[in-house]
Each structure stands twice: as structure tokens, then as C-alpha cells.
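Breakdown of the fold
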Amino acid sequence: MAKVSRYISLSGLSIQPELLQQQLVKVDTFLEQNTSSAVWSYQIPELGEGGSCSLFGNLQDTPFLLQEYIEKVESNEYALSKLQTIVSAVVAHSAVDWFGIYQARETQEGKQLLKLAYHGAPSRPLFPITEAFAATSNNIQTVLSAKARVINDIPAYAARGGEYYTCDPKVKAEVCLPLFNEHEQCIGIIDAEAFTEAFFDEEILALLAAACIRIPQYLPK
């Protein structure tokens, strides 16, 4: 329960520790009973003007290769398999429309969020971790602040001038939560999207937080 309470405190989420503990049991049980294959390559969309937004329906001819950023060794094969299984657990218990796990990594282009495992439509694989990119990116705002971002009505949020750029107009709600290492440093995020407003209630938020507690132990080296 200490990890549960600490995650709630660090992330700034408003959920009950007991509910998060229950959802953590669900995630652990799913991990024990299921195994998903590691995914080392995936299709990605073309990027729009300025490189900020994905052009849905316009996929690049060449798939994105994770092995260009992560060494393809047995330990990382195991890690990616576990992460993909956690993705499956979240989708099975929430029916969320899109869910992804990202790790902050140093690349030749600087420090970026790298998408390691996901469910849903193809999306961009890398996000630069910069203040400039954070101006329109929930992902980067989350990793820089190390705080949860919950937007349950994107149209209303954008209409009020909220910092949000629309790539897929079907997305009506989004949650980004931080991942922490043993030193309580933010080392990545999860991103969840739904096509329904007010989708992310306390139970689903607790499930996402439970995933965030388990994910760090399976991040690749």
C-alpha cells in the first residue's frame, strides 16, 4: 500500500488508495495469466506541417524500428513482452480506445519520449522533451511536470483556450500519467484516449495508475 499511496501523492491524482490497490491486483493477475508478444516494429503516420500532428490515414511506407533505439537482446524482448501484456490488461479492463507506454530516452536528436508498446491507431513514435514542444503536447507536459493530466472533455477544454492540438477528432477524452523510478524521478508516461467524453472515471484512473506502478520494472535498458 505504500507504493500506492506514494504514486497518488507524486502524480497528483485524486483517487482512493484502496481502489488503486484493487486495480493493481487486476493488473498483476492479468500478467500472471497472459503473455503478449514483444512488438519491435510498427506502422507510423506521416507528420503534418511543423511535425507536431500526425496525419491519420497517411502512413509512412517504412515501419518504425524499435531496435534502432533499443538493443534487441533477450532481456529487452522480455521487457517489451511484459509491457505489451500490461497494455492488453488495461484495454481488457477498461475498453479504452487508445493506450500507449512511453519511456524517456536519450537519442541522437536529444532526449525524447519513445513509444514502446501500444493499442489503437498508428501514432507518432517519438516526442521531443522540450519546453517548446510542451506548449501543445499533453505527453511532454506530463513528463516535464511529473504530474497527471486528465482531460475528460477535450472540445470544451480546447474551446477555453487549453493547450491542446487535435490530431484525431474522434478523441474526446485523454489522460497522461507519469512513470517514476525508485528515486521518484519521472522516466516516462502512459497516454490513454477515449472517443467518449467523461470516460475516465475514478475506477479507470485507478487502473491506469496501477499500470504505472508496474511498468517501470519492465522498461528496457
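Quantities reported herein were computed from a predicted structural model and do not represent experimental measurements. (Residues numbered from 1 in each chain as written. Predicted model: local features only at pLDDT ≥ 70, side-chain atom pairs only at ≥ 80, totals over all residues. Heavy atoms only, no water.)

**Description of the packing of helix α1 (residues 2-11) against helix α2 (residues 17-33)**
- The interhelical angle for the contact between α1 and α2, taken along N-to-C directions, is 115 degrees, at an axis separation of 9 Å. In this structure, the crossing between α1 and α2 has a hand that is right-handed. On α2, the residues that touch V4, S5 and I8 of α1 are P17, L20, Q21 and L24.
- Across the contact of α1 with α2, the residue classes break down as five nonpolar, two polar and no charged. (Axes fitted to C-alpha atoms, helices over the stretch in contact; angles between N-to-C directions. Helix = DSSP H or I, 4+ residues; strand = E, 2+ residues; numbered from the N terminus. Left-handed = near helix turned anticlockwise from the far one by under 90°. Contact = heavy atoms within 4.5 Å. Nonpolar A, V, L, I, M, F, W, Y, C, P; charged D, E, K, R; others polar.)

**Examining the sheet that holds strand β5 (residues 98-107)**
- Ordered by their spatial adjacency, six strands build an open sheet running β7-β6-β5-β10-β9-β8, and the pairing between neighbours is antiparallel. Of all strands in the sheet, those bounded by a partner on one side alone are β7 (126-128) and β8 (149-151). Each adjacent strand pair in this sheet contributes to an overall mean axis angle of 25 degrees, direction not counted.
- In terms of strand pairing, strand β9 (residues 173-180) meets strand β10 (residues 186-194) through eight bridges, oriented antiparallel. (Pairing = 2+ DSSP bridges.)

**Side note on the pattern of salt bridges**
- What the rule picks out here adds up to three salt bridges.
- The closest approach of N and O atoms between K26 and E203, which form a salt bridge, is 3.9 Å. Residue K26 is found in helix α2, and its partner E203 is found in helix α7 (residues 202-214); the two are separated by 177 residues along the sequence.
- A residue is classified by how much of its surface remains accessible, and E203, at 43% relative accessible area, is partly exposed.
- Here R214 and D28 are joined by a salt bridge, their closest N and O atoms 2.6 Å apart. (Salt bridge = Lys/Arg side-chain N within 4 Å of Asp/Glu carboxyl O. Buried < 20%, exposed > 50% of the residue type's maximum accessible area, 1.4 Å probe, protein only.)

**Quick notes on the packing of aromatic side chains**
- Overall, the coordinates contain nine aromatic pairs when judged by the stated rule.
- With a centroid separation of 5.7 Å and an interplanar angle of 65 degrees, the aromatic rings of Y7 and F180 are classed as edge-to-face. In this pair, Y7 is assigned in helix α1 and F180 in strand β9, connecting sequence segments 173 residues apart.
- Overall, Y7 belongs to the buried group, its relative accessible area being 5%.
- Each ring, one from F199 and one from F200, has its centre 5.1 Å from the other, and the planes form 80 degrees; the classification is edge-to-face. As far as burial versus exposure is concerned, F199 and F200 are alike and both buried.
- A connected cluster of aromatic rings, assembled from ring pairs, spans Y42, F64, Y69, W98 and Y118.
- In this arrangement the basic side chain of R124 is found over the ring face of F127, its NZ or CZ atom lying 4.8 Å from the centre. (Phe/Tyr/Trp six-rings, centres within 6.5 Å; stacked < 30°, edge-to-face > 60°. Lys NZ or Arg CZ within 6 Å of the ring centre and 35° of its normal.)

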